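Reading the structure
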Amino acid sequence: IFYKAGRKTARFLQTPLLFAKTNKVLCNSIRTALFQSQRNDNTTSQSVILCYNGTMQKQDLQNSAAIGFLVAFFLLVLKYSGNIATLQALPYLEGTLLLFPALAVLGILTAASLPPRFFIVFQSAKFLLVGALNTFIDLGVLNLLMTATGITAGIGFSVLKGLSFLAAVVNSYLWNKHWTFKGKETHQNFAKQGAEFAQFFIVSGVGFFLNVGTASF
């Protein structure tokens with residue numbers, strides 16, 4: 001019964017996330033039935049894997065797509081800021097607004113399809129997506145500020161670089177805390193959150209001085 005229901009639902013939804021959100025007992029029953037059957041197709045086999053490791057959630061897909069879109073957005077900011085001639089010469093760069101979210105989702109799906117012992121790969125995939133977004137936020141905000149102010153050198157440039165780096169640090173903290181390394185404590189008081197962010201910011205301070213110092217020379 002579980003096998004027939006699983007095949008029909010899988011065909012209807014056409015998604016490997018079919019059993020990832022189901023009850024554990026039902027999920028295991030479906031997994032066992034599908035493994036015993038000799039009629040596995042691509043959709044059902046992917047569903048079994050995701051059901052088995054239990055790592056994928058709907059939010060992971062949404063966040064991955066959002067990050068892909070934001071990376072493409074800041075890439076276009078770099079292009080239209082006029083500060084990078086190479087990007088200005090690239091045609092059809094606007095297509096990345098659709099391409100990057102699709103690639104990000106594909107990447108997170110691939111990482112989630114691995115067995116549970118490779119959970120670190122799934123978490124690393126999220127960390128890499130956030131890292132890519134941090135880089136493009138840093139560059140995008142910097143170039144946007146340069147275009148708006150006309151400052152391209154000197155102390156003023158160091159200030160702009162510091163602001164863009166801070167934007168990337170805040171972005172990194174929020175994404176990694178609430179998604180990449182999301183723990184069991186989903187609700188913290190304001191003081192604890194502030195202390196946690198202060199620790200994160202202190203650690204990032206070394207990168208801040210290196211980043212801004214390098215850009216100043």
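Residues numbered from 1 in each chain as written. Predicted model: local features only at pLDDT ≥ 70, side-chain atom pairs only at ≥ 80, totals over all residues. Heavy atoms only, no water.

With respect to the secondary-structure elements, Thr110 resides in helix H6 (residues 96-112). Classification of Thr110 by relative accessible area gives partly exposed; the value is 45%. Through-space distance from the C-alpha of Thr110 to that of Phe122 is 8.4 Å; in sequence the pair is 12 residues apart. (Helix = DSSP H or I, 4+ residues; strand = E, 2+ residues; numbered from the N terminus. Buried < 20%, exposed > 50% of the residue type's maximum accessible area, 1.4 Å probe, protein only.)

Enumeration over the complete set of coordinates arrives at 4 aromatic pairs. Ring geometry for Phe73 versus Phe74: centroids 5.3 Å apart, planes at 80°, classification edge-to-face. Centre to centre, the rings of Phe119 and Phe122 are 6.0 Å apart; their planes meet at 45°, and the pair counts as tilted. Of this pair, Phe119 and Phe122 both sit in helix H7 (residues 119-149), 3 residues apart, which is roughly one turn of that helix. Residue Phe119 is classed as partly exposed on the basis of its relative accessible area, which comes to 37%. (Phe/Tyr/Trp six-rings, centres within 6.5 Å; stacked < 30°, edge-to-face > 60°.)

Before going further, it helps to examine the nonpolar core. In this structure, Ile67 and Ile108 are the most contacted members of the largest nonpolar core, which totals 21 residues. The set of elements that each furnish at least two residues to this core consists of helix H4 (58-81), H6, H7 and helix H8 (154-180). Per-element tally for this core: the top contributor is H7, with 7 residues. Once residues lying within four places of it in the same chain are set aside, the contact partners of Ile67 are Leu129, Val130, Leu133, Trp175 and Trp179. (Core = buried A, V, L, I, M, F, W, Y, C linked by side-chain atoms within 4.5 Å. Contact = heavy atoms within 4.5 Å.)

For the rest of this paragraph, the subject is H6. Along its 17 residues, H6 runs 23 Å from first to last C-alpha, staying within 8% of the 24 Å computed at 1.5 Å per residue. Within H6 the residues assigned to the buried category are Thr96, Pro101, Ala104, Val105, Ile108, Ala111 and Ala112. Each buried residue of H6 lies within a common arc of 160° when the element is viewed along its axis, so the set occupies one face. In this structure, H6 carries Leu98 and Leu106 as exposed residues pointing more than 90 degrees from its buried face. (Expected span 1.5 Å × (residues − 1). Arc of directions from axis to C-beta.)

Helix length check: H4, at 24 residues, gives a terminal C-alpha distance of 35 Å against a target of 34 Å (1.5 Å per residue), a fit within 8%. Where H4 terminates, the next one or two residues include Gly82, which has phi positive at roughly 85°.

Okay, the packing of H4 against H7 next. Where H4 contacts H7, the two axes come as close as 8 Å, and the packing angle between them is 25°. Viewed along their axes, H4 and H7 adopt a mutual orientation that is roughly parallel. Considering the relative orientation of H4 and H7, their crossing is left-handed. For the contact of H4 with H7, the residue count by class is 17 nonpolar, 5 polar and 2 charged. (Axes fitted to C-alpha atoms, helices over the stretch in contact; angles between N-to-C directions. Parallel < 35°, antiparallel > 145°, perpendicular 65-115°, else oblique. Left-handed = near helix turned anticlockwise from the far one by under 90°. Nonpolar A, V, L, I, M, F, W, Y, C, P; charged D, E, K, R; others polar.)

What follows is about the pattern of salt bridges. Overall, the coordinates contain 2 salt bridges when judged by the stated rule. One salt bridge in this structure joins Glu94 and Lys79, with 3.6 Å as the shortest N-O distance. Taken together, the positions of Glu94 in the loop between helix H5 (85-88) and H6 and Lys79 in helix H4 put the pair 15 residues apart, joining distant regions of the chain. According to the relative accessible area criterion, Glu94 is partly exposed, its value standing at 32%. (Salt bridge = Lys/Arg side-chain N within 4 Å of Asp/Glu carboxyl O.)

The phi torsion at Tyr92 lies on the positive side, around 60°, for a residue other than glycine. Tyr92 gets classed as exposed once you look at its relative accessible area, which sits at 75%.

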